[in-house]
Amino acid sequence: MRIADLHCDALSKLDRDPKLTWDGPSGSGLDVTAEGLANGNVGLQAFAIWVPAGTAKTPESALRQAELLHEKILSAPGMRLVKSRADVDAVLGPDAAERGALLTLEGADALRGERWALRLLHRLGLRMLGLTWNEANWACDGIMEPRGAGLTKEGRSLVAECEALGILIDVSHISEKGFWETAELARKPFLASHANARAQCPHPRNLTDDQIRALVSANGLIGITFVPFFLQALRPAGIDDVLRHVDHICALGGANHIAFGSDFDGIDTYTLGLAGPGDYSALTDALLARHAEPLVRGWMSGNARRFLTENLK
Ligand SMILES: [Zn+2]
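Residues numbered from 1 in each chain as written. Predicted model: local features only at pLDDT ≥ 70, side-chain atom pairs only at ≥ 80, totals over all residues. Heavy atoms only, no water.

(A) Inspection of the overall build of the chain at higher detail. Broken down by element type, the chain carries 12 helices and nine strands. Against the 2.2 N^0.38 benchmark of 20 Å for 313 residues, the chain shows a C-alpha radius of gyration of 18 Å, consistent with a compact globule. When its C-alpha atoms are laid out on the principal axes, the chain stretches across 50 × 40 × 35 Å. For the chain, the residues scored as buried account for 60% of the 313 residues in total. Residue pairs in contact within the chain that sit at least 24 positions apart in sequence constitute 70% of those at least 6 positions apart. (Helix = DSSP H or I, 4+ residues; strand = E, 2+ residues; numbered from the N terminus. Rg over C-alpha atoms; globule rule 2.2 N^0.38 Å. Buried < 20%, exposed > 50% of the residue type's maximum accessible area, 1.4 Å probe, protein only. Contact = heavy atoms within 4.5 Å.)

(B) Seen up close, the pattern of salt bridges. Counted by the stated rule, this structure contains 16 salt bridges. For the salt bridge of E181 with R156, the shortest nitrogen-to-oxygen distance reads 3.8 Å. Taken together, the residues E181 in helix 7 (residues 176-185) and R156 in helix 6 (residues 153-165) connect sequence positions 25 residues apart. Judged by its relative accessible area of 16%, E181 is buried. Owing to a relative accessible area of 35%, R156 belongs among the partly exposed residues under this scheme. The salt bridge involving K177 is made with E181; its shortest N-O contact spans 3.0 Å. (Salt bridge = Lys/Arg side-chain N within 4 Å of Asp/Glu carboxyl O.)

(C) Examining the packing of helix 4 (residues 85-92) against helix 12 (residues 293-311) more closely. Relative to each other, helix 4 and helix 12 sit at 160°, their axes nearing to 8 Å. One way to sum up the angle between helix 4 and helix 12 is to call them roughly antiparallel. Seen along the crossing, helix 4 lies across helix 12 with a hand that is left-handed. Two secondary-structure elements touch here, helix 4 through R85, V88, D89 and L92 and helix 12 through S301, R305, L308, T309 and E310. Residue composition of the contact of helix 4 with helix 12, by class: three nonpolar, two polar and four charged. (Axes fitted to C-alpha atoms, helices over the stretch in contact; angles between N-to-C directions. Parallel < 35°, antiparallel > 145°, perpendicular 65-115°, else oblique. Left-handed = near helix turned anticlockwise from the far one by under 90°. Nonpolar A, V, L, I, M, F, W, Y, C, P; charged D, E, K, R; others polar.)

(D) Quick look at the packing of helix 7 against helix 8 (residues 209-217). Closest axis-to-axis distance for the helix 7/helix 8 pair is 11 Å, and the angle between their directions is 25°. Classified by the interaxial angle, the pair formed by helix 7 and helix 8 is roughly parallel. For the crossing formed where helix 7 meets helix 8, the hand is left-handed. For the pair helix 7 and helix 8, the contacting residues are E176, F179 and W180 in the first and D210, Q211, A214 and L215 in the second.

(E) View of helix 8. Burial in helix 8 covers these residues: Q211, I212, A214, L215 and V216. Buried residues along helix 8 sit against helix 7, strand 7 (191-192), strand 8 (221-224) and helix 10 (239-251). With its phi angle positive at about 60°, N219 sits one or two positions after the end of helix 8.

(F) Geometry of the side chain of T132. Position of T132 relative to the elements: it lies in the loop between strand 5 (126-130) and helix 6. Given the relative accessible area of 1%, T132 is considered buried. Within the structure, T132 has its side chain in polar contact with the backbone oxygen of H173 (distance 3.4 Å). The residues touching T132, leaving out its near neighbours within four places in the chain, are G107, A108, N137, C140, D141, G142, S172, H173 and I174. (Polar contact = N/O pair within 3.5 Å; in protein donor to acceptor, adjacent residues only side chain to side chain.)

(G) Spatial organisation of the environment of A186. Considering the arrangement of structural elements, one finds A186 in the loop between helix 7 and strand 7. Taking the C-alpha atoms as reference points, A186 and P146, 40 residues apart in sequence, are found 25 Å from one another.

Here's what the structure looks like:
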């Protein structure tokens, strides 16, 4: 079954360690590799630009990671940059032969409010943007920022400019106030690329039931993530915990809005049985053992395909 994965941090790792190679064997430092995507039958992988603390958050730092996607990943045979509906069909459609990379930005910090930088990243393929990582920036507060403020005036105009350009808004990491302001402001469906259900695991990065319902009613998408402490607070997380979060979102009416956003290469502890994209087959089998095949197809990539097809230009 073809897979879509809405979040990984391989670009950030490649940026920090120039010795890492995309076409190296699995287990050689990168979770997401050409081999891993092939083993897991991943048709679409989102690659986030993420600039860690301690690195200057400048347009240059974001552009350098976008360039790494082009230089190290898109140069591999059979890899396609996903910018349009046609690209989505080419990598997730029934006759898909290629694999696709979707360029995303996790936290608008590095843009520093510079609209030329947003437009240039869009030209390089940027199609999804999260306003914040965990802390506050010029656009909005993140979920770990104690004051819990929402969008700034500049953040509001960033949302509008992204929608005009055809860049999807990602509400993973955003403060709760920021989430609700985005929901009110957004003219187009938006998504949480990597977040789980807070009712199933009480981590602030997870979504409340009201937030999940809002994403569903906005015709959005929720990428269930494999970060172990977003799945399970009490013991090591396993595939059964992923199934619990799937069931919870289904019970809230979200069966047609579930996708996956692994966070591979952004984590250093793993959910048991989910150590890299090659393990998507084990997750697919576990879901098929409990759910009808059309639903599972939707979760593995059908819902993401529909969302991207409806919302990319
Ligand atoms: Zn993240």
